[in-house]
Each structure stands twice: as C-alpha cells, then as structure tokens.
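Close look at the chain arrangement
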Amino acid sequence: MARSMWKGAISFGLVHIPVEMYPAASDQGLDLSMLDRRDFAPIGFKRYNKATGKEVSWDDIVKGYEYSDGEYVVLSDEDLRRANPDATQTIDILAFVNAEQVPLIYYEQPYYLAPGKGGDKVYALLRETLRDVGKIGIANVVIRVKQHLAALVCVGDTIVLNTLRYPDEIRPTDELKIPAADSKAAQVTEKELQMARALVEGMSEKWKPQQYRDTYREDVMALIKKKVAANQTKTLTEPEPEEEKPAKSNVIDLVSLLQASLGKKPSKAAAADDDDDDEPPPRKSRKPSEDDEDTDKDTGNRPPPRARKAPSHAATHASAKRTSAGTTAAKSAATKTAAKTAAKKTAAKAAPKPAAKAAPARRRKAA
C-alpha cells in the first residue's frame with residue numbers, strides 16, 4: 001500500500017472527518033537520462049554551496065526566505081506548521097457548488113482521500129451527501145508549503161480532492177488571436193455545421209478509458225528494444241534533410257474535408273438533416289425513343305391516365321366474376337361463328353357445278 005503524503009481532517013460545519021491523502025496519479029512518461037555525447041557517461045547534478053563550491057548533503061539543507069538581497073529568514077518544518085496549525089491540518093470546506101460551474105481549466109492535480117481511524121461513518125456521510133445533491137465541495141488545504149483551492153468530488157465510493165488553480169494563475173486570452181463569433185472570416189455555414197455535427201455524432205461513443213494508451217511511449221520502447229537487439233546502443237541517428245513542402249493555400253474547403261472525414265457511411269442524423277433542409281434535386285428529362293414516338297402517334301399524345309384508387313375486396317370479386325362471364329360468352333360466340341363458317345364451306349363443296357352454256361347458233365352453222 002502506498003504511503004500517505006498528508007494526514008488531517010475534513011472540516012464540514014462542526015463535523016471533522018479524519019482522512020489521509022494519497023496521490024491519485026502517477027507519471028508514466030519516458031525516464032530518459034542525460035549523457036555526455038563524447039563518452040556516453042551519465043550527467044550528474046550536485047547540490048553545492050555557491051560560496052565555497054563544495055557539495056552539500058541533504059541533512060545540511062534547510063529552507064529560507066530571502067527578505068532582502070542576500071539575507072534570508074530560516075524556516076523549519078515546525079515553523080511552517082506553527083504558523084497556522086488549522087490550515088496545515090484541515091481541509092476546510094467553504095461552499096458547495098454545481099460541478100458544471102467550475103471550468104476544467106481550473107482543475108490541477110487529483111488526490112485520493114481515505115478515512116482515518118474512526119472516520120468511516122462520517123466519511124460515508126459526506127460521500128453520500130455529495131452524491132445525493134450532485135454538488136462538489138470547494139475547500140482550502142495546505143499541501144507542503146502552499147495553500148491550494150480544492151474541489152471535493154465524489155468518484156464512485158471515493159472522495160477525490162482535486163486542487164484548483166486560483167483565478168490569477170490562469171493567463172488571460174486577450175493577446176491571443178481568437179476569432180469572434182460575428183467575425184466574417186470565421187463565419188460557418190449551416191451546411192458545414194450539419195456535416196460537422198454528423199461527424200461528431202458518428203464518432204460519439206461511451207467513455208471507455210481502458211482503450212486509450214500512451215502509444216508514443218510504446219513506440220519509443222519498441223525502438224529501444226530494436227536498437228539493443230541490433231547492437232546499436234551507441235549509434236546516434238541524425239535527422240534527414242527535410243524535403244521542400246508545397247506551398248499551402250489559405251483557402252480551406254471545409255465541406256470537402258468533412259465529406260472525406262465522413263466517408264461513405266454518414267450517420268442517420270446527417271441523412272435526416274439533409275432530407276429536412278435540402279430540396280430534392282430536379283428530375284432529368286429523358287430523350288424520347290422510337291418506341292415512345294410510335295406510342296405517341298397511336299395515342300395522339302394523350303396525357304397519362306390518372307392513378308385510380310385501389311378497388312375494394314368486394315369490387316375486385318365482382319370484377320373477377322364479370323371478367324369470367326365475359327370470357328365465357330366470348331368463347332361461346334367464337335365457337336358458334338366458327339361452326340357457321342365451317343357449315344357454309346361444306347355446303348359450297350357439296351353443291352353441283354352449273355353446266356357450260358351452249359355456243360351461239362351462228363358458230364354451229366359455220367362449223
């Protein structure tokens with residue numbers, strides 16, 4: 001278990017909650033040492049007396065405040081504690097505020113608070129109260145030799161003390177070139193806003209901190225292992241000459257960038273926004289084909305008939321009956337007509353042919 005860095009109590013009205021403070025964050029950065037490039041020996045830093053130049057051990061070092069040029073007031077840890085015992089041993093809650101009222105820029109360093117001996121019940125009381133009202137406690141606390149403004153936040157079953165920056169520690173933005181909301185150069189169109197909203201919604205997901213890693217540190221460690229395996233531990237890699245980059249244009253096509261970011265799968269919200277706000281494109285006219293021209297000649301360029309309502313079930317049934325009856329009658333009529341035609345042909349074949357007419361009398365006499 002980690003060693004507590006501070007012991008004291010939370011002052012909550014007339015209630016005191018004994019607590020112990022533990023660091024809540026650890027630095028996982030690359031621990032690189034400084035080396036002399038001539039022989040790759042490590043560089044050390046000495047604590048030395050500036051008057052004599054001799055090295056000084058930790059046991060001989062004390063703290064002091066320079067009240068004038070070259071003159072100091074020596075302050076021991078006991079002097080600092082006696083100056084204000086309550087401030088150095090108490091987390092004094094000043095007020096309770098809504099968490100969203102404190103901008104993130106004020107948050108600095110988190111610490112865990114665990115209940116001290118006999119403080120389980122009052123610790124749980126404050127924790128459940130913060131959770132129930134949905135607020136955070138604003139407090140003063142002295143850590144080492146500095147007083148901090150702090151926020152007490154309920155995170156799960158743990159009360160977290162997060163030190164806050166004072167307002168005068170936050171630099172103003174007056175000197176920064178921040179575009180104003182009504183600036184013409186930074187005006188955003190409704191189309192760009194819709195596409196950006198669609199991109200944000202498409203990339204939205206639940207907060208899963210386990211999926212995020214320090215990939216840069218992992219890549220550097222992989223490079224270190226590679227250089228050790230290749231026996232290149234003393235090889236200095238020099239930078240390559242930079243290639244000339246083409247000049248960039250100041251004109252940025254945000255729509256093209258957003259479309260490329262969205263890809264071929266825009267979110268449903270984007271599609272809905274486009275359907276609501278954009279008018280449908282006009283339909284292109286189709287060139288008439290030869291079949292269409294023939295059809296137009298036959299129909300006399302009549303307009304297409306209006307769409308009729310779908311017939312009811314009863315009407316459909318009646319229409320089917322009429323169609324069936326009409327079909328039967330047509331078949332019967334066709335049969336009768338075919339029979340009559342066949343009878344006429346048979347009678348014509350059976351009838352005797354007429355005899356040839358006699359030649360005129362003049363021709364017989366001449367013969």
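Refer to the structure presented above.
First, a word on scope: everything that follows refers to the structure included in this document. (Residues numbered from 1 in each chain as written. Predicted model: local features only at pLDDT ≥ 70, side-chain atom pairs only at ≥ 80, totals over all residues. Heavy atoms only, no water.)

1. Here we look at helix α3 (residues 120-133)
Along an α-helix, a turn takes 3.6 residues, which lines up residues three or four apart on a common side. Selection rule: Counting from the N terminus, the helices are the DSSP runs of H or I reaching at least four residues and the strands are the DSSP runs of E reaching at least two. Here the expected length of a helix is defined as 1.5 Å per residue gap, with one fewer gap than residues. In this scheme, a residue with accessible area under 20% of its type's maximum is buried, one over 50% is exposed, and one in between is partly exposed, where area comes from a 1.4 Å probe on protein chains only. As used here, the arc is the angular range of directions from the helix axis to the C-beta atoms.
With 14 residues, α3 should reach 20 Å at 1.5 Å per residue; the first-to-last C-alpha distance of 20 Å fits that figure. Inspection of α3 places Y123, L126, R127 and L130 among the buried residues, and these make up the whole buried set. All buried residues of α3 project into a common sector of 100° when viewed along the axis, lining one side. Opposite its buried face, α3 presents the exposed residues K121 and D132, each directed more than 90 degrees away. One or two positions beyond α3, positive phi appears at G134, with a value near 70°.

2. Notes on the sheet that holds strand β9 (residues 158-164)
In plain terms, the rule: Each pair of strands is called paired provided DSSP finds at least two bridges between the two strands. Interaxial angle, 0 to 180 degrees, is taken between N-to-C directions of lines fitted to C-alpha atoms, where a helix line uses only the stretch in contact. Any pair of residues with heavy atoms lying within 4.5 Å of one another is described as a contacting pair.
Strand order around the closed barrel formed by seven strands is β1-β2-β6-β9-β8-β7-β5, with mixed pairing between neighbours. Taking the axes of each pair of neighbouring strands and ignoring which way they run, one obtains an average angle of 40° across the sheet. Against the sheet, α3 touches β1 (6-12), β2 (15-23), β5 (90-98), β6 (107-115), β7 (135-143), β8 (146-155) and β9, its axis set at about 85° to β2.

3. A short note on the packing of aromatic side chains
Just so we agree on the cut-off: Pairing of aromatic rings covers Phe, Tyr and Trp, the last counted by its six-membered ring, and requires centre-to-centre distances within 6.5 Å; plane angles under 30 degrees mean stacked, over 60 mean edge-to-face, and any other angle means tilted.
Tallied over the entire structure, the rule returns two aromatic pairs. When the ring of F12 is compared with that of F96, the centres are 5.8 Å apart and the planes differ by 75°; the resulting orientation is edge-to-face. In this pair, F12 is assigned in strand β1 and F96 in strand β5, connecting sequence segments 84 residues apart. We classify F12 as partly exposed; its relative accessible area is 24%. With a centroid separation of 5.7 Å and an interplanar angle of 20°, the aromatic rings of W207 and Y212 are classed as stacked.

4. A word on the pattern of salt bridges
The following threshold applies: Just to be clear on terms, a salt bridge is a Lys or Arg side-chain nitrogen sitting within 4 Å of an Asp or Glu carboxyl oxygen.
Under the definition given, this model contains eight salt bridges. Residues R38 and D36 are paired through a salt bridge, measuring 2.8 Å at the closest nitrogen-oxygen approach. Residue classification places D36 among the buried residues on the basis of a relative accessible area of 18%. R213 is the salt-bridge partner of E218, the closest N and O atoms lying 3.0 Å from each other. The exposure class of E218 is partly exposed, given its relative accessible area of 36%. By relative accessible area, which is 55% here, R213 ends up exposed. Connected through salt bridges with shared partners, the residues R127, E128, R131 and D157 form a single ionic network.

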